[in-house]
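What follows is the residue order along each chain.
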Amino acid sequence: MSIILNTDHLKGFVEKKERDAILPQIKAAHLSLEKKSGQGKEFLGWMDLPSKVTDHFIQELNALGEEVRKNSDALISIGIGGSYLGIRSTIEYLGGKSRLPIYYAGHQMSSDDLYNLLEKLKTKRVTVVVISKSGTTTEPAIAFRVIKQFLKTKYKDQELKKRIICVTDEKKGALQKIIDKEGYRTFVIPDDVGGRFSVLTPVGLVPLAIAGVDIQGLIEGAHKGQSEYAKLDLEQNMAYRYAANRYLLYKKGKIIEVLSSFYPNMFYVAEWWKQLFGESEGKDGKGIFPASLIFSTDLHSMGQLMQDGMRNIFETFLMIDQTAHPLIIPKEDEDLDGFNCVAGKDLDFVNKQAYLATAMAHFEGGVPNMSITLCKADAFHLGQLYYFYEKTVAISGYLLGVNPFDQPGVEAYKTKMFRLLGKV
């Protein structure tokens, strides 16, 4: 298996008989998804999405990517939440390199940040992908206004049209009205896929293809996940087993899940995960609070709390089995620091020993933990991981008794902000 779940450090916290006891609830959640009869049933398009992405569409996007890269020095991806995190998490997971440098805007409202970005790109050939289903979300809408004006100082008419690509609703919304007026190229966000589940739609695939990411591999990995996580059997379905463990820990007062990784390229994957789980589960006074740490760095800042703090947390380690670049530790004639004991070994060997020690110490300190290990850091395994988490959070939401596919709380601040801005 290319993704493995290890639950050795749940012993004494969650037992098999407890998972067996909630099988009827898991079966009910499973059937709600399969029959599309549960809460949020109108937003289940993500479930069979990997099998619906055609080779023709992938070829179309790859051709678009080649065209844009020939005529551009930089890509700006404008979006927030699900229209931002999946793109950035994929790029960073794959090493932070892309065939076309990619920059991000519209995910916050720092004037200095946007100003500095535009100053940096003044002399560059720039293409923009703006991603918004409604076109009225404050951060990307205002960023698009500013960036569009910036582009108008560089390009005219037909050239400008080539350098703005929109990903939005097929028929309605403010961005669609702008497209109708200006004639920009456009790709459609499916109606039945919510923002935080949208990384495998044009929301993620368009900018990733332009950046030169292996979107074929990403979809193939997700397709494997679609097949692998469709079974009801907990022993075979890792996503359901993970969801069951999380639910049982939550019922025992473990209300915070810390996603920890010893690989810095997992930082934005964890940010994507936090939105997916926080926005899906956090309703009606319920939900596991998602937090994340990057070790071993954070062991020297948050390690004390993890080891000896309040015992209302559990931990999931996100690991990579095979690294891309071995780095052998040299031997020194005078072993002044005492580390000739690891001379000749790959640095990742030491990293993995730190992981094993941390998982053991946290478990003995009262923090139950699981480990999810990917075979290697490529597009295929990330696509599978994305689908794994999407299936997990759907089951988790139904186990909690909430609708995992809406986000009513997000609208509260928007209403008040629009009032303060004088927006009607």
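This section reports on the structure supplied with the text. These numbers were taken from a predicted model, which means no experiment stands behind them.

What to know about the overall build of the chain
- Scanning the chain from N- to C-terminus turns up 17 helices and ten strands.
- Here the C-alpha radius of gyration of the chain, 23 Å, is about what a compact globule of 424 residues would show, namely 22 Å.
- By principal-axis analysis of the C-alpha atoms, the chain measures approximately 65 × 65 × 45 Å.
- Per-residue burial for the chain yields a buried fraction of 51% across its 424 residues.

Notes on the sheet that holds strand S6 (residues 185-188)
- Taken together, the five strands give an open sheet; going across it, the order is S3-S2-S4-S5-S6, and neighbouring strands pair in parallel fashion. A strand with exactly one partner marks an edge of an open sheet, and here the two such strands are strand S3 (102-105) and S6. If you compare each strand with its neighbour and ignore which way they point, the axes differ by 20 degrees on average.
- Here four bridges tie strand S2 (residues 74-78) to S3, and the two strands are oriented parallel to one another. Residue Ile78 lies in a different strand from S3, and its bridge partner there is Ala105.
- Along the sheet, helix H9 (residues 174-182) contacts strand S4 (126-131), strand S5 (164-168) and S6; its crossing angle with S5, the most-contacted strand, is approximately 140 degrees.

What to know about the packing of aromatic side chains
- By the definition in use, this model includes 21 aromatic pairs.
- Here Tyr84 and Tyr104 contribute two aromatic rings whose centre-to-centre distance is 5.6 Å and whose plane-to-plane angle is 75 degrees, an arrangement assigned as edge-to-face. Here the residue Tyr84 occupies a position in the loop between S2 and helix H5 (85-93), and Tyr104 occupies one in strand S3, the gap between them amounting to 20 residues. One exposure class covers both Tyr84 and Tyr104, and it is buried.

Here's the deal with the packing of helix H4 (residues 55-70) against helix H11 (residues 215-228)
- Running from amino to carboxyl end, H4 crosses H11 at an angle of 150 degrees, the nearest separation of the two axes being 10 Å. The angle between H4 and H11 places the two elements in the roughly antiparallel class. From H4, Asp55, Ile58, Leu61 and Asn62 reach across to H11, where they touch Ile215, Gln216 and Ile219.
- Here the residues of the contact of H4 with H11 sort into four nonpolar, two polar and one charged.

A few points about a negative patch on the surface
- Among the surface-exposed residues, Glu332, Asp333, Glu334, Asp335 and Asp337 lie close enough to one another that they form a single negatively charged patch.
- Position of Glu334 relative to the elements: it lies in the loop between strand S9 (313-322) and helix H15 (347-364).
- Its relative accessible area of 55% is what places Glu334 among the exposed residues.

Concerning a nonpolar patch on the surface
- Residues Leu327, Leu347, Phe349 and Val350 make up a contiguous nonpolar surface patch of about 330 Å² in total accessible area.
- With respect to the helices, strands and loops of the structure, Phe349 is situated in helix H15.
- Since its relative accessible area comes to 34%, Phe349 is described here as partly exposed.

Considering helix H2 (residues 23-34)
- A rise of 1.5 Å per residue sets the reference length of H2, with its twelve residues, at 16 Å; its end C-alpha atoms lie 16 Å apart and thus fit the reference within 8%.
- The complete set of buried residues in H2 reads Ile26, Ala29, His30, Ser32 and Leu33. The arc that holds every buried residue of H2, seen down its axis, measures 160 degrees, which confines them to one face.
- Structurally, H2 contributes buried residues whose contacts are with helix H12 (238-251) and helix H16 (379-400).
- Following H2 by one or two positions, Lys36 adopts a phi angle in the positive range, close to 55 degrees.

Some remarks on H11
- Relative to the 20 Å expected for 14 residues at 1.5 Å per residue, H11 spans 20 Å between its end C-alpha atoms, a close match to the ideal helical length.
- Of the surrounding elements, those touching the buried residues of H11 are helix H3 (49-52), H4, H5, helix H10 (202-211) and H16.

Focus: the environment of His362
- One can find His362 in helix H15.
- C-alpha of His362 to C-alpha of Glu315: the two residues are 47 residues apart in sequence and 8.7 Å apart in space.
- The contacts of His362, once residues within four sequence positions are left out, are Phe295, Leu299, Met306, Gln307, Glu315, Phe317, Val367 and Asn369.
- Looking at His362, its side chain comes within polar contact range of the side chain of Glu315, at 2.7 Å.

Quick notes on unusual backbone geometry
- Note that the residue after Phe295, namely Ser296, is joined by a cis bond; omega there is 5 degrees.
- As for its position among the elements, Ser296 is in the loop between strand S8 (289-294) and helix H14 (303-308).
- Its identity as a non-glycine residue notwithstanding, Lys36 has a phi of 55 degrees, on the positive side.
- Structurally, Lys36 is set in the loop between H2 and H3.
- Residue class for Lys36 comes out partly exposed when judged on its relative accessible area of 39%.

Focus on the pattern of salt bridges
- Using the criterion set out here, one finds 17 salt bridges in the structure.
- The shortest N-O distance in the salt bridge between Arg125 and Asp73 comes to 3.0 Å. Here Asp73 lies in the loop between H4 and S2 and Arg125 lies in the loop between helix H6 (111-120) and S4, a separation of 52 residues in the sequence.
- Residue Asp73 is classed as partly exposed on the basis of its relative accessible area, which comes to 30%.
- Between Asp191 and Lys133 there is a salt bridge, and its shortest N-O distance comes to 3.2 Å. Of this pair, Asp191 sits in the loop between S6 and H10 while Lys133 sits in the loop between S4 and helix H7 (138-152), and the two are 58 residues apart along the sequence.
- Three or more residues are tied together by salt bridges with common partners; here these are Lys133, Asp169, Lys172 and Asp191.

Conventions and cut-offs
Residues numbered from 1 in each chain as written. Predicted model: local features only at pLDDT ≥ 70, side-chain atom pairs only at ≥ 80, totals over all residues. Heavy atoms only, no water. Helix = DSSP H or I, 4+ residues; strand = E, 2+ residues; numbered from the N terminus. Rg over C-alpha atoms; globule rule 2.2 N^0.38 Å. Buried < 20%, exposed > 50% of the residue type's maximum accessible area, 1.4 Å probe, protein only. Pairing = 2+ DSSP bridges. Axes fitted to C-alpha atoms, helices over the stretch in contact; angles between N-to-C directions. Contact = heavy atoms within 4.5 Å. Phe/Tyr/Trp six-rings, centres within 6.5 Å; stacked < 30°, edge-to-face > 60°. Parallel < 35°, antiparallel > 145°, perpendicular 65-115°, else oblique. Nonpolar A, V, L, I, M, F, W, Y, C, P; charged D, E, K, R; others polar. Patch = residues over 30% accessible without salt bridge, like charges linked within 9 Å, V, L, I, M, F, W, Y side chains within 5 Å. Areas by Shrake-Rupley, 256 points an atom, 1.4 Å probe, with all protein chains shown as cover. Salt bridge = Lys/Arg side-chain N within 4 Å of Asp/Glu carboxyl O. Lys, Arg positive; Asp, Glu negative; His and termini not counted. Charge placed at Lys NZ, Arg CZ, Asp CG, Glu CD. Expected span 1.5 Å × (residues − 1). Arc of directions from axis to C-beta. Polar contact = N/O pair within 3.5 Å; in protein donor to acceptor, adjacent residues only side chain to side chain.

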